[in-house]
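Inside the fold
This is what each chain is made of:
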Amino acid sequence: EIADILLRTILDSRGNPTVEAEISTISGGFGRACAPSGASTGIYEAKVRPSDEAVFEAREHLIPKLIELDSADQRGFDETLHEIDGTSDLSGIGANIAVALSLANAKAAASSLNMELYQYLGGAFISQTPLPLGNVIGGGAHAVDATDIQEFLIIPTGASSAAEAVFTNALVHKRIKEILIARGKGCGKGDEGAWAPHIADLEAFEIVNEATTKVFDETGIEVRMGLDVAASEMWDAASGRYVYKNAKRTTEEQIAYIADLTETYNLLYVEDPIQEEDFEGFARITEEVSGRDTLICGDDLFVTNVVRLEEGIRNDACNCILIKPNQIGTLTDTFETISLARDYGYESVMSHRSGETTDNTIAHLATAFGCCFMKSGVVGGERIAKLNELIRIEEHF
Ligand code: PGA
Ligand code: ZN
């Protein structure tokens, strides 16, 4: 039974305010969780409200109705959030309030039972952590004057443990810095800790390729490449073109371009290669690469929403879904989306946001729900909070 709930505004990794929730139970359980925030948010995401105002209102109208609920009844807790919110996009209470409370409740319930969150949610037979998927070069909405493609990602497919995987990604990140400096392209980092050089996308591909080859030579661990194109950010509806610095591509040309990159760089993962309204364009890319092991992943396309995913399934739009709990606002909804994905053979990738806190809950969710990857950057305090938690979780297996 919930004894007490606290909400406060805290700082996120971009220096913006965000919501933190704490829930204590009568039996001594305690859970704390924070809301992350996106920069390249999908238009169909649940709606965030300004933290201070949302916290103030929630203290008045929401929190009193949650006290004495059974924290072990996660569905009931999340249904109550929806009922009190009264909207379809959580704009009543704010998705930031909802996700912080929903996750804090699960953690309080797990803590009451003296269990780790991944055990509480995943059960006794969970025995594997996901591979870390992290961006090493980036631009788009996450850095000024850098690459057009938002994220150049890596996956340490040859790693045999979470610790090895995490350190392999970090080594690639380091090697990329050295290569950039050697090319006279030394630079700072974007919002998620990826290098943000002033280079064209083609050079970024070359550099990541060079770095992963180097790391393979040094360690024998294979590292594959991936992308988050975040194509909604480059889509210009008026002209019907994807606008790059040096090119404008029709949907047809975009599909051919992505298929070509997939083959040239043996991409294992391509997120949002097409804008968020175009299920058919997604389906055509998925079809194009169907002979390969490439995951075509919908982020802005699906926004962790069951209804959007159902439409994707009907259209054979993708074979993978990005899961961001704050896009949908509650743990129950997050779980339902992952369950549907699993039923239809979609892989699930649990993800951070570009604006983050040191909250490490997604490491537990990714493990409990059997996600193939956890997307959470490679370096930086708010990123390593999640990566290091994978190392800790693995020690239990
Ligand atoms: P966001 O970007 O958190 O800024 O939305 C991450 C992503 O697009 O995957
Ligand atoms: Zn994305």
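Residues numbered from 1 in each chain as written. Chains lettered and ligands numbered in written order. Predicted model: local features only at pLDDT ≥ 70, side-chain atom pairs only at ≥ 80, totals over all residues. Heavy atoms only, no water.

- Per an unreviewed UniProt entry, the protein goes by Enolase and derives from Methanocorpusculum parvum.
- Quoted straight from UniProt, the Function (unreviewed entry) entry for the protein says "Catalyzes the reversible conversion of 2-phosphoglycerate (2-PG) into phosphoenolpyruvate (PEP). It is essential for the degradation of carbohydrates via glycolysis."
- What the UniProt record of the protein gives under Catalytic activity (unreviewed entry) is the line "(2R)-2-phosphoglycerate = phosphoenolpyruvate + H2O". (UniProt positions renumbered as here; feature names shortened; annotations may be inferred.)

1. Quick notes on the site of ligand 1
- Lining the immediate surroundings of ligand 1 are 15 residues, of which Ala39, His142, Arg353, Ser354 and Lys375 lie closest.
- Contact between ligand 1 and Gln150: an oxygen atom at 3.0 Å from a side-chain N or O atom of the residue.
- Glu271 has a polar side-chain atom sitting 3.0 Å from an oxygen atom of ligand 1.
- Judged by the fraction of its atoms near the pocket grid, ligand 1 is located in the second largest cavity. (Near = heavy atom within 4 Å. Polar contact = N/O pair within 3.5 Å; in protein donor to acceptor, adjacent residues only side chain to side chain. 1 Å grid on protein atoms, 1.4 Å probe; cavity = no way out; pocket = protein on both sides within 12 Å on 5 of 7 lines; lining within 4 Å. Sits in = over half its atoms within 2 Å of the grid points.)

2. What about the environment of Glu164?
- Of note, Glu164 is situated in helix α6 (residues 162-182).
- Sequence separation of Glu164 and Val349 is 185 residues, and the distance between their C-alpha atoms is 19 Å.
- Setting aside its immediate chain neighbours within four residues, Glu164 contacts Gly158, Ala159 and Ile221. (Helix = DSSP H or I, 4+ residues; strand = E, 2+ residues; numbered from the N terminus. Contact = heavy atoms within 4.5 Å.)

3. Considering the UniProt feature "binding site: (2R)-2-phosphoglycerate" (unreviewed entry) in the protein
- According to UniProt, the "binding site: (2R)-2-phosphoglycerate" (unreviewed entry) feature falls on Gln150, Lys324, Arg353, Ser354 and Lys375. Of the annotated residues named above, the ones that line the largest cavity are Lys324 and Arg353.
- Tracing the backbone shows Gln150 in the loop between β4 (131-138) and β5 (151-155).
- According to the relative accessible area criterion, Gln150 is buried, its value standing at 2%.
- Sequence-distant contacts of Gln150, defined by excluding residues within four places in its chain, comprise Ser40, Ile137, Gly138, Gly139, Gly140, Ala141, His142, Asp228, Val229, Ala230 and Glu233.
- Among the polar contacts listed, one links the side chain of Gln150 to the side chain of Ser40, at a separation of 3.1 Å.
- Tracing the chain through its elements places Lys324 in the loop between β12 (320-323) and α11 (325-328).
- Excluding anything up to four places from it in sequence, Lys324 contacts Asp299, Thr304, Ser351, His352 and Arg353. (Buried < 20%, exposed > 50% of the residue type's maximum accessible area, 1.4 Å probe, protein only.)

4. Points about the coordination of the zinc ion (ligand 2)
- Looking at the zinc ion (ligand 2), the protein donor atoms are Asp228 (OD), Glu271 (OE) and Asp299 (OD), and they sit 2.0 to 2.2 Å from it.
- Donor residues binding the zinc ion (ligand 2) come from one chain and are separated in sequence as D-x42-E-x27-D. On the criterion of sequence distance, the pair formed by Glu271 in strand β10 (residues 269-271) and Asp299 in the loop between β11 (295-298) and α10 (306-314) is long-range, its members being 28 residues apart.
- Given a relative accessible area of 2%, Asp299 falls into the buried group. (Donors = N, O, S within 2.8 Å, 3.2 Å for Na, K, Ca; no water.)

5. Some remarks on the side chain of Lys324
- By relative accessible area, which is 6% here, Lys324 ends up buried.
- Of the polar contacts made by the side chain of Lys324, one reaches the side chain of Asp299; its length is 2.7 Å.

6. A word on the sheet that holds β11
- Spatially, 8 strands are ordered β4-β5-β6-β10-β11-β12-β13-β14 in a closed barrel, and the strand pairing comes out mixed. Each neighbouring strand pair of the sheet contributes to a mean axis angle of 30°, computed without reference to strand direction.
- As paired elements, β11 and β12 share 2 bridges and run parallel to each other. If you follow Gly298 over to β12, its bridge partner there is Ile321. (Pairing = 2+ DSSP bridges. Axes fitted to C-alpha atoms, helices over the stretch in contact; angles between N-to-C directions.)

7. As for the pairing of β11
- Side-chain alternation along β11 places Leu295 and Cys297 on one buried face and Ile296 and Gly298 on a second face that is also buried.
- Relative to β11, β10 runs parallel, the two being bridged by 3 bridges. Bridge pairing in β11 links Tyr269 to Leu295.
- Running through helix α9 (residues 279-288), the crossover from β10 to the neighbouring parallel element β11 is right-handed.
- Taken together, β11, α10 and β12 constitute a β-α-β crossover, and its handedness is right-handed. (Right-handed = clockwise from strand over helix to strand, strands pointing away.)

8. With respect to empty space enclosed by the protein
- Counted by the stated rule, this structure contains 2 cavities of 30 Å³ or more.
- Volume-wise, the largest cavity comes out at about 130 Å³.
- Cys34, Pro36, Leu103, Glu356 and Ile362 are the residues nearest the centre of the largest cavity, which is lined by 17 residues in total.
- Breaking the lining of the largest cavity down by element, the ones donating at least two residues are α4 (95-112), α11 and α13 (361-368).
- Looking at side-chain class alone, the lining of the largest cavity contains 7 nonpolar, 5 polar and 5 charged residues.
- Of the voids in this model, the second largest cavity is the one considered here, and its volume is about 80 Å³.
- Contributing to the lining of the second largest cavity are 16 residues, with Ser40, His142, Glu192, Lys324 and Ser354 lying nearest its centre. (Points joined across faces, edges and corners; volume = space filled by probe spheres on them. Nonpolar A, V, L, I, M, F, W, Y, C, P; charged D, E, K, R; others polar.)

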